[in-house]
Amino acid sequence: MKKKKYKVVTLGCRTNQYESQAYIDQLKASGYSEAAETESADVCIVNTCTVTASADKRSLYQIRKLAREHSPERLIVTGCMAERAADEIRAVEGVTDVVPNQRKEALLDEVFPETDWPEFKIERFEAHTRAFVKIQDGCNSYCSYCVIPFVRGRSRSKTVYDILAEIEGLVENGYKEIVLTGINIGDFDGGTPENPVRLSTLVRLVDQIEGLERIRISSIDPDEVEDDLIDAVINGKKTCHSMHIVLQAGSNVTLKRMRRKYTRRDVLDATRRLQRASSDFTFTTDVIVGFPGETEEDFQETVDLIREIRFAKVHMFPYSDRPKTRASRMPNKVAQEVIDKRRQLLLKVADEVAYDLRQSYIGRTFDVLIESKNMGHTNHFLPVYIEEKGLRSNEMIQVECFANSVEGLIGKKVEAHAIAAY
């Protein structure tokens, strides 16, 4: 009997990546195998993104590409663009099913009700040495530029029991590092009204899982970095001293226009409290460039804040109008050529800041989790390139960092007999 073939394509955030991996695990457990390039497929799934106009374009491109290259019997489209622009997607030749976000966890059950599909959860995270685990979905914030609350719905959390069971399964399958992720994990509450379970409690519970070596916290707003969460991270045995704290802008005027619920001072306060508790603590962030009404002074405040905090990595997004959002109706739009210029400048500053930060880590030895043939990350999410050959993916080794480069630190593996000398 011919084995059925599938192809899954993912665009956008870590939450989408988690969900797509769950589809892959369900399909493989039911006897499917991945289709090779241009090989015909029985099922193709595209998990779309709509956070920017370019994300829409990439989503449509991937849908058409799968239809052209794999001629699937069922071409299923889900994700945020499928929620926002279902009719546009249905009009694409080859698309057979459009499943909205509210039903995406039951996607295969809905499209193939005659099949008894496994539970929607992940057992592995293909092509990754760290596994993203979705603990929460949706958002209640309604920032003026963001379409996500319209396409993902209100905030809701998975139960602590389900999260811990899923992570334990990943550890049993050999994963050493997990990332707690979601749309707005600061809203996490995996308990009951009588017994709420906040993110700090979840971190402490995950920290107790045998065999797990690293825990990372995905994107969180600065005003949600509470003292109890800092305590859980700083005093955990496996918690990484690095956090993705969302900035979006360094100007209070722009933050207010964005309807963000924190100020520039809150960002500084959160990062300083973490660094007082652990001087090596590092941060990554997101920034939007060219928000409506952003002046040169507003932009300079963002540049100055990036320099002051010294982010290890900055994810840069040019502002993009999204339907239904307040920002799309705002006056004083920034010209595209100005947005492009500011973006290039900010990328240059971010690279300089990250390089300068890494300089202070030269001459030190760190545990590095190998992700590719000769590259991995430290606990502080600093990229390290190792001279030795023959390293294995998902291997944790000690590396002495002796130089820096534009891509990351450069180091050499420290042998066991040398480690004892440190």
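These numbers come from a predicted model, not from an experiment.

Caption draft 1: Structural view of the pairing of strand 17 (residues 396-404). Pairing between strand 14 (residues 365-370) and strand 17: five bridges, direction antiparallel. When the sheet's bridge partners are listed, F366 is paired in strand 17 with V399. One ladder, built from five bridges, connects strand 17 with strand 18 (residues 409-413); its direction is antiparallel. From the neighbouring strand, C401 faces strand 18, where its bridge partner is G411. With antiparallel pairing between neighbouring strands as the criterion, strand 17 and strand 18 make up a hairpin whose turn holds four residues.

Caption draft 2: Representation of the sheet that holds strand 12 (residues 282-289). Strand order across the open sheet formed by six strands is 6-9-10-11-12-13, with parallel pairing between neighbours. Two strands close off the open sheet at either side, each with one partner strand: strand 6 (130-134) and strand 13 (313-318). Averaged over all neighbouring strand pairs, the angle between strand axes comes to 20°, with direction disregarded. When strand 11 (residues 239-245) meets strand 12, the two strands line up parallel, connected through three bridges. Counterpart to H244 in the pairing with strand 12 is T284. Here helix 11 (residues 264-277) sits on the sheet in contact with strand 11 and strand 12, set at roughly 170° to strand 11. Against the sheet, helix 13 (residues 336-359) makes contact with strand 12 and strand 13, and its axis sits at roughly 175° relative to strand 13, the strand it touches most.

Caption draft 3: Helix 11, seen in detail. For helix 11, built from 14 residues, the straight-helix expectation of 20 Å at 1.5 Å per residue is met to within 8% by its first-to-last C-alpha distance of 20 Å. What helix 11 keeps buried is the set R264, V267, L268, A270, T271, R273 and L274. Residues of helix 11 that are buried make contact with helix 9 (227-234), strand 11, helix 10 (252-258), strand 12 and helix 12 (296-309).

Caption draft 4: Representation of the packing of helix 9 against helix 11 within the structure. In the contact formed by helix 9 and helix 11, the axes pass within 11 Å of each other and the chain directions differ by 35°. The two elements helix 9 and helix 11 cross, and the hand of that crossing is right-handed. Packed against helix 9, whose contacting residues are D227, I230 and I234, the element helix 11 presents R273, L274 and A277 at the interface. Looking at the contact of helix 9 with helix 11, its residues break down into four nonpolar, no polar and two charged.

Caption draft 5: Representation of the nonpolar core within the structure. Counting residues in each nonpolar core, the largest one holds 92 residues, and the members touching the most others are I167, L199 and L202. A total of six residues in this core trace back to one element, the largest contributor, which is helix 7 (residues 160-172). In this structure I167 touches V133, I178, L180, V206, I209 and L212, once residues within four positions along its chain are discounted. One finds V9, C44, A67 and A85 within the second-largest nonpolar core, a separate group that totals 22 residues.

Rules of the game
Here the residue numbering is sequential within each chain, running from 1 through the sequence in written order. With pLDDT at 70 or above as the cut-off, local features in this predicted model cover only qualifying residues; side-chain atom pairs require 80 or more to be listed or tallied, and sums for whole chains, interfaces and linings still use all residues. Computation of side-chain values covers all heavy atoms of the structure but excludes hydrogens and water. By the convention used here, strands pair only if DSSP detects at least 2 bridges between them. Under the scheme used here, helices are H or I runs from DSSP no shorter than 4 residues and strands are E runs no shorter than 2 residues, and both carry numbers assigned from the N terminus. Under this scheme, a helix contributes an axis fitted over its contacting stretch, all axes are lines through C-alpha atoms, and angles between N-to-C directions fall in the 0 to 180 degree range. Contact criterion: two residues are considered in contact whenever any of their non-hydrogen atoms come within 4.5 Å of each other. A helix is expected to reach a length of 1.5 Å times the quantity of its residues less one. The buried label applies to any residue whose accessible area, calculated with a 1.4 Å probe on protein chains only, is under 20% of its type's maximum; exposed applies above 50%, and partly exposed to all values in between. Crossing handedness is read from the near helix: turned anticlockwise from the far helix by less than a right angle, it gives a left-handed crossing, and turned clockwise, a right-handed one. Side-chain classes are defined by residue name, with Ala, Val, Leu, Ile, Met, Phe, Trp, Tyr, Cys and Pro counting as nonpolar, Asp, Glu, Lys and Arg as charged, and the others, Gly among them, as polar. Nonpolar core, defined: a set of buried Ala, Val, Leu, Ile, Met, Phe, Trp, Tyr and Cys residues in which side-chain atoms within 4.5 Å join the residues together.

That's the geometry; what it means functionally is another story.
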